Amino acid sequence: MFQAFFKTNSLIFAPMNQEDHLKKIIAHSKEYGYIFPSSDIYDGLSAVYDYGQHGAVLKNNIKDFWWKSMVDMNTNIVGIDSAIFMHPKIWKASGHVDQFNDPMIDNKDSKKRYRVDTLIEEKIEQYKRKGKDEKAAKLQESMDALLKEDDFVGLKELIEEHGIVDVFSGSKNWTDIKQFNLMFSTNWGSTGTDDELVYLRPETAQGIFVNYNNVMKSGRMKIPFGIAQIGKAFRNEIVARQFIFRMREFEQMEMQYFVRPGEEMKWYDHWKEKRMKWHLALGTPREKLKFHDHVKLAHYANAAVDIEFEFPMGFRELEGIHSRTDFDLTQHQEFSGKKLQYFDPELEKNYVPYVVETSIGLDRMFLSIISQAYQEEKLEDGSERVVMKIPVEIAPVKVAVLPLIRKDGLPEKALEIFDKLKYDYSCHYEEKDSIGKRYRRQDAIGTPYCITIDHDTMEDNTVTIRHRDSMKQDRVSVEALEKEMADKLDLKNLLTKI
Ligand code: GAP
């Protein structure tokens, strides 16, 4: 299981290859209640996943960190929760009906369909894995140029030139490239006609744009101001592999920042920096993150950048920051016939605000956290452990309370401590198995602190705190425990870094 090792302090880490890494994360996520394939007993539903007992809490903690940093930490940003179903005209106005397409290619032998950019990107990663960096860079450059021009003939030639094969059939028998719309639709009402077609939203942003007037007026908002939202989005992704990286049902955390026309680039730079700081606050090393400017801008943008993270399958988009101009509000103004403007008292005029958007996929953020957190360690005594080094402030289980043995009043004392801490933290109580086994299980779940109650506790009211990452143990009094945990686990520790 463990291949080559390198050593830091008392621990020895085992580097993993990329494919193994992702496979291990998927298996670990299932074994420890983080992520299950959706409809598992029916053999799953492609690119749809369920979050288990620990995954659901970790997801909520990420949301909480995002919401607090974007909404609570700012005097001029508010949060909303708009409906998934929206008036069908919204998607016509936003351009999604006509332009939310991806160039796709089919393999004639396997009958599988692929997104062209994803197919070529996989080849780029393959080159990189083989140390052919120059070839990878050249392919990336050619693909970017052809995508920018919508040159489908050129893209197909590129696929052929690089001998890209279908992973299922091994065949190079490709169709021509065509555009496919990614929105899911369903019928509203009982007749099932096209007039009643509604879409499952492919982004949460439109729910913010169409509520611009409502929030601006009811919240007496003054420009610049932001509206944030967390919610589900749906896309009929064709290449939906790589676990929760590309799903058909996923969650987004988006914020639209409404600004004076002409000031959008200032705010675009501001939010680029802020969002990068948010990732760094979680302890993600800077070298695992990079900015990637969009070569081909979406129909609504005058500038766009991705924050990419080094996922187990390579650097990929984690978050987008987009300067969306006044495109969306102007379109909704036209399609709805309602004015979506702002009277600027300083300039003494009305205008349609410009918008800078920050948009991050919650599930991708989850994958970035667990893929960094998952570590296999060989310990100095020759034993091995798997540990999830999730940032302590967002770990799903914060504290495990463990009586050393199941007698002599230790369980009762442990439950007393559990009852003290449970109001502030998600705690586990566990008395089964040896203490060593219980520590290993908590390591695998990612619990940052184990509190052990032993016979000395009954004498001097002290407990052992065992630290997940270093495995060091401290002795503290029960009275000091709440303060000790508060100092370590307060989300403020992260929020003050942004
Ligand atoms: N409102 C702008 C917008 O939706 P996007 O780049 O299409 O922009 C934003 O999506 C983010 O949503 C991405 O950076 C990614 O993290 C996440 N995302 C997009 N499609 C996804 C999918 N199929 N599965 C999981 N996350 C996805």
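About the thresholds
Residues numbered from 1 in each chain as written. Predicted model: local features only at pLDDT ≥ 70, side-chain atom pairs only at ≥ 80, totals over all residues. Heavy atoms only, no water. Buried < 20%, exposed > 50% of the residue type's maximum accessible area, 1.4 Å probe, protein only. Helix = DSSP H or I, 4+ residues; strand = E, 2+ residues; numbered from the N terminus. Domains from an automatic or database assignment. Contact = heavy atoms within 4.5 Å. Polar contact = N/O pair within 3.5 Å; in protein donor to acceptor, adjacent residues only side chain to side chain. Patch = residues over 30% accessible without salt bridge, like charges linked within 9 Å, V, L, I, M, F, W, Y side chains within 5 Å. Areas by Shrake-Rupley, 256 points an atom, 1.4 Å probe, with all protein chains shown as cover. Salt bridge = Lys/Arg side-chain N within 4 Å of Asp/Glu carboxyl O. Lys, Arg positive; Asp, Glu negative; His and termini not counted. Charge placed at Lys NZ, Arg CZ, Asp CG, Glu CD. Phe/Tyr/Trp six-rings, centres within 6.5 Å; stacked < 30°, edge-to-face > 60°. Lys NZ or Arg CZ within 6 Å of the ring centre and 35° of its normal. Near = heavy atom within 4 Å.

Attention now goes to helix H11 (residues 327-336). Every buried residue of H11 is listed here: Asp328, Leu329, Gln331, His332 and Gln333. Phi turns positive one or two residues past the end of H11, at Gly337, with a value near 75 degrees.

Examined at the domain level, the protein breaks down into domain 1 (6-100 + 182-372), domain 2 (101-181) and domain 3 (397-495). Put simply, the middle of domain 2 and the middle of domain 3, counted by C-alpha atoms, are 52 Å apart.

Our focus in this paragraph is the environment of Leu481. With respect to the helices, strands and loops of the structure, Leu481 is situated in helix H16 (residues 478-489). Placed 338 residues apart in sequence, Leu481 and Met143 show a C-alpha to C-alpha distance of 57 Å. Aside from chain neighbours lying at most four places away, what touches Leu481 is Ile417, Leu421, Ile451, Val463, Ile465 and Val476.

Moving on: the side chain of Arg316. Within the element layout of this structure, Arg316 appears in strand S15 (residues 314-325). Its relative accessible area of 8% is what places Arg316 among the buried residues. Polar contacts involving the side chain of Arg316 include one to the side chain of Glu125, which spans 3.5 Å. If sequence neighbours within four positions are ignored, Arg316 has contacts with Glu125, Gln242, Phe245, Ile307, Glu308, Phe309 and Phe311.

Let us look at a negative patch on the surface. A cluster of acidic residues, Glu149, Asp151, Glu157 and Glu161, forms a negative patch at the surface. Taking relative accessible area as the criterion, Glu157 reaches 47% and is therefore assigned partly exposed.

What follows covers the packing of aromatic side chains. On inspection of all chains with the given rule, the structure shows 16 aromatic pairs. Taken together, a centroid distance of 5.0 Å and an interplanar angle of 70 degrees make the contact between Tyr51 and Phe366 edge-to-face. Note that Tyr51 is positioned in strand S4 (residues 49-51) and Phe366 in helix H12 (residues 362-373), a separation of 315 residues in sequence. Of the two residues, Tyr51 and Phe366, neither departs from the other in class, the shared state being buried. Ring pairing ties together the aromatic residues Phe209, Tyr212, Phe225 and Phe258, which thus form one cluster. Positioned above the aromatic ring of Phe180, the side-chain terminus of Arg113 is 3.8 Å from the ring centre. A cation sits over an aromatic face here: Arg324 above Tyr300, 3.8 Å from the ring centre.

A word on the pattern of salt bridges. Evaluated as defined, the whole model comprises 38 salt bridges. For Glu319, the salt bridge is made with Arg275, and the minimal N-O distance between the two is 2.7 Å. Residue Glu319 is located in strand S15, and its partner Arg275 is located in helix H10 (residues 264-281); the two are separated by 44 residues in the primary sequence. The exposure class assigned to Arg275 is buried, which follows from its relative accessible area of 1%. A salt bridge links Arg385 to Glu377; the shortest N-O distance between them is 2.8 Å. Pair check on accessibility: Arg385 and Glu377 agree, each one buried. Where salt bridges share partners, they join Glu377, Arg385, Lys389, Arg440, Asp443 and Arg466 into one cluster.

A few words on the site of the ligand. The full set close to the ligand counts 20 residues, and Glu203, Met247, Glu254, Glu317 and Leu318 are the nearest of them. Glu254 is positioned such that a nitrogen or oxygen atom in its side chain is 2.5 Å from a nitrogen atom of the ligand. Here an oxygen atom of the ligand sits 2.6 Å away from a polar atom, N or O, in the side chain of Glu317. In isolation the ligand exposes 550 Å². Once the protein is present, 93% of that is buried.

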